[in-house]
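Structure at a glance
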Amino acid sequence: MLVRICTFALIINISLNTTKAQIPLVINEFMASNSSTEPDPQDEYDDWIEIYNYGTIPVDMSGMYLTDDLTNPTRWQFPVSTTIPAGSYIIVWADGDTTDPGLHANFKLSADGEEIGLFDIDGITLIDSIIFGEQTGDISYGRFPDATGNWYLFATPTPGEEN
């Protein structure tokens, strides 16, 4: 029985990896429990997700999707004219405050652990994802080095900057 479960999990993992888009964007860092580290433009301490463009040209993210549930890939759509310059970062506030100016997703992250997914405009093609466990308040989780590295906890978060 264990062999069958492992084989099934391996097939799913291979299947997900082969459908990833070749777009130079990654979920680079996030904070699922922000109580005093980084305020949003409305001066509220909300969860945030950093997307990094590791490519050499700007990427138009208009119509792409961000979600906290990989079974619901079209949970929140990037607005028209959302462009991320080459080698740059954007922050999406995961706070449910979609009427606030700026990039505010219609969901919040759970400090108990969950998942984040970035999907292409078709709502099917996965660009990047992370499944994470329980998070500590005011500690971010990010890649080091940016875009390609392993995931680490950061006592000094770096939203919008190099990790």
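First things first, this report covers the structure right here in the doc. (Residues numbered from 1 in each chain as written. Predicted model: local features only at pLDDT ≥ 70, side-chain atom pairs only at ≥ 80, totals over all residues. Heavy atoms only, no water.)

1. Let's talk about the environment of Ser62
Tracing the chain through its elements places Ser62 in the loop between β3 (59–60) and β4 (65–67). On the basis of relative accessibility, which here comes to 18%, the residue Ser62 falls in the buried class. Along the primary structure Ser62 and Val80 are separated by 18 residues, whereas in three dimensions their C-alpha atoms are 4.5 Å apart. If we skip the residues at most four places from it in the chain, Ser62 touches Phe78, Pro79, Val80, Ser81, Thr82 and Ile121. In this structure the side chain of Ser62 is engaged in a polar contact, spanning 2.8 Å, whose partner is the backbone nitrogen of Ser81. A polar contact of 3.4 Å, which involves the side chain of Ser62, links it to the backbone nitrogen of Thr82. (Helix = DSSP H or I, 4+ residues; strand = E, 2+ residues; numbered from the N terminus. Buried < 20%, exposed > 50% of the residue type's maximum accessible area, 1.4 Å probe, protein only. Contact = heavy atoms within 4.5 Å. Polar contact = N/O pair within 3.5 Å; in protein donor to acceptor, adjacent residues only side chain to side chain.)

2. Considering the sheet that holds strand β2 (residues 47–53)
Pairing within the open sheet is mixed, and its six strands lie in the order β8-β7-β2-β1-β11-β12. Two strands in the sheet have a free side with no partner beyond their single neighbour: β8 (104–105) and β12 (150–154). Bridge count between strand β1 (residues 25–31) and β2: six bridges; the pairing is antiparallel. If you follow Ile27 over to β2, its bridge partner there is Ile51. (Pairing = 2+ DSSP bridges.)

3. Some words on the pairing of strand β10 (residues 126–132)
In terms of burial, β10 is a largely internal element, five of the seven residues being buried. As judged from the six bridges shared by strand β9 (residues 114–119) and β10, these two strands associate in the antiparallel manner. Bridge assignment links Gly117 to a residue of β10, and that residue is Ser129. The antiparallel pairing of β9 with β10 creates a hairpin that spans six residues between the two strands, and Gly123 there sits at a positive phi of about 75°.

4. Some thoughts on the packing of aromatic side chains
Note on aromatic pairs: each is described by the distance of the centres and the angle between the planes. Under the defined criterion, the tally for this structure stands at six aromatic pairs. With 4.6 Å between their ring centres and 20° between their planes, Tyr52 and Tyr89 make a pair best called stacked. Note that Tyr52 is positioned in strand β2 and Tyr89 in strand β7 (residues 89–94), a separation of 37 residues in sequence. Residue class for Tyr52 comes out buried when judged on its relative accessible area of 13%. (Phe/Tyr/Trp six-rings, centres within 6.5 Å; stacked < 30°, edge-to-face > 60°.)

5. With respect to the sheet that holds β9
With antiparallel pairing, the four strands of this open sheet are ordered in space as β5-β4-β9-β10. The two strands at the open ends of the sheet, each matched to only one other strand, are β5 (76–77) and β10.

6. Regarding the side chain of His104
Checked against the element boundaries, His104 lands in strand β8. With a relative accessible area of 2%, His104 lands in the buried category. Polar side-chain contacts of His104 include one of 2.7 Å to the side chain of Asp95. Discounting residues that sit within four places of it in the chain, His104 has contacts with Asp40, Gln42, Trp76, Trp93, Asp95, Asp97 and Thr98.

7. Digging into the environment of Thr37
Here Thr37 is to be found in the loop between β1 and β2. Residue class for Thr37 comes out partly exposed when judged on its relative accessible area of 28%. In this structure, the C-alpha to C-alpha distance between Thr37 and Gly137, residues 100 residues apart in sequence, is 9.1 Å. Among residues more than four places away in sequence, those in contact with Thr37 are Met31, Tyr45, Asp138 and Pro157.

8. Details of the pattern of salt bridges
For the structure on display, the rule yields two salt bridges. The closest approach of N and O atoms between Arg75 and Asp68, which form a salt bridge, is 2.5 Å. The class for Arg75 is partly exposed, based on a relative accessible area of 31%. A salt bridge links Asp128 to Arg143; its shortest N-O distance comes to 2.6 Å. Highlighted residues: Asp128 in strand β10 and Arg143 in strand β11 (residues 140–144), separated in sequence by 15 residues. Residue Asp128 shares its accessibility class with Arg143, and that shared class is buried. (Salt bridge = Lys/Arg side-chain N within 4 Å of Asp/Glu carboxyl O.)

Remember, this is a structural readout, not a statement about activity or role.
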